[in-house]
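Close look at the chain arrangement
Next come the chains, spelled out residue by residue.
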Amino acid sequence: MTFKVTDVEQGEWAVLGVSGELDLVTSPVLRQRVHDAVAEGCHSVVLDLSDVFFCDSSGVGVLIATRRLIRSCQGRLRLILPAQGASDGSHVNRVLGALGVRRLFDVYPDMDSAVSEEEDPLSA
């Protein structure tokens, strides 16, 4: 499976759908796409990570850097991390939990809840 980032707009939200491996080689691509979205004025960003089946420390670093960037412009960042996904039960969810950084993010199980103004994030 190849790495891919797709852009979708859901109302005021810029949604970046990520699939494949988020690692040392591919994480700079995601970092650039986030920077491009913010430069275009999108300060409400959803990262759909439900199709990411591998994430290493550089991928986690990009997620944390994205959080920092979005917060610096008073924006909102939401992650889509389903309990089951990416064929083995949301690898990214487990990695963030194991590193103790999942609590830093507003996590949602699906697109509808991530872009809704009424839903609360899943608990850390």
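Keep in mind the model is a prediction, meaning the values are calculated, not measured.

**Focus on unusual backbone geometry**
Positive phi values are uncommon outside glycine, yet Q74 reaches one of about 55 degrees. As for its placement among the helices and strands, Q74 is situated in the loop between α2 (57-72) and β4 (76-80).

**Observations concerning the packing of helix α1 (residues 27-39) against α2**
With their axes 9 Å apart at the nearest point, α1 and α2 run at an angle of 10 degrees to one another. The angle between the axes of α1 and α2 places the two elements in the roughly parallel class. Taken together, the residues of α2 that come into contact with α1 (itself represented by S27, L30, R31, V34, H35 and V38) are S58, G59, V62, A65, T66, L69 and I70. Grouping the constituent residues of the contact of α1 with α2 by class yields seven nonpolar, five polar and one charged.

**Examining the side chain of D48**
Positionally, D48 belongs in strand β3 (residues 44-55). You can call D48 buried: its relative accessible area is 18%. Apart from residues no more than four positions distant in its own chain, D48 is found in contact with L16, G17, V18, I80 and M111.

**Some points on the sheet that holds strand β5 (residues 106-108)**
Strand order across the open sheet formed by five strands is β1-β2-β3-β4-β5, with mixed pairing between neighbours. Of all the strands in the sheet, just β1 (4-10) and β5 have a single pairing partner and so form its edges. Strand-to-strand, the axes of this sheet are offset by a mean angle of 25 degrees, without reference to chain direction. By the bridge criterion, seven bridges tie β1 to strand β2 (residues 13-22) in an arrangement that is antiparallel. Directly across from E9, in β2, lies its bridge partner A14. On top of the sheet, helix α3 (residues 91-99) reaches β3 and β4; it is set at about 100 degrees to β3, its chief contact.

**A closer look at the confidence of the model for the protein**
Residues of the protein with pLDDT of at least 70 account for 86%, and the chain-wide mean is 86. Across the protein, element-level confidence peaks in α2 with a mean pLDDT of 96 and bottoms out in β1 with 72.

**A short note on the nonpolar core**
Counting 26 residues, the largest nonpolar core has L30, L47, L49, L79, V92 and L96 as its most contacted members. Among the elements of the structure, β2, α1, β3, α2, β4 and α3 are those that each provide at least two residues to this core. When residues in this core are grouped by element, the largest group, five residues, is from β3. Leave out the neighbours within four places in its chain, and V92 touches L49, V52, C55, L63 and L81. V46, I80, Y108 and V115 belong to the second-largest nonpolar core, a separate cluster that totals seven residues.

Rules behind the numbers
- Residues numbered from 1 in each chain as written.
- Predicted model: local features only at pLDDT ≥ 70, side-chain atom pairs only at ≥ 80, totals over all residues.
- Heavy atoms only, no water.
- Helix = DSSP H or I, 4+ residues; strand = E, 2+ residues; numbered from the N terminus.
- Axes fitted to C-alpha atoms, helices over the stretch in contact; angles between N-to-C directions.
- Parallel < 35°, antiparallel > 145°, perpendicular 65-115°, else oblique.
- Contact = heavy atoms within 4.5 Å.
- Nonpolar A, V, L, I, M, F, W, Y, C, P; charged D, E, K, R; others polar.
- Buried < 20%, exposed > 50% of the residue type's maximum accessible area, 1.4 Å probe, protein only.
- Pairing = 2+ DSSP bridges.
- pLDDT = per-residue confidence, 0-100.
- Core = buried A, V, L, I, M, F, W, Y, C linked by side-chain atoms within 4.5 Å.

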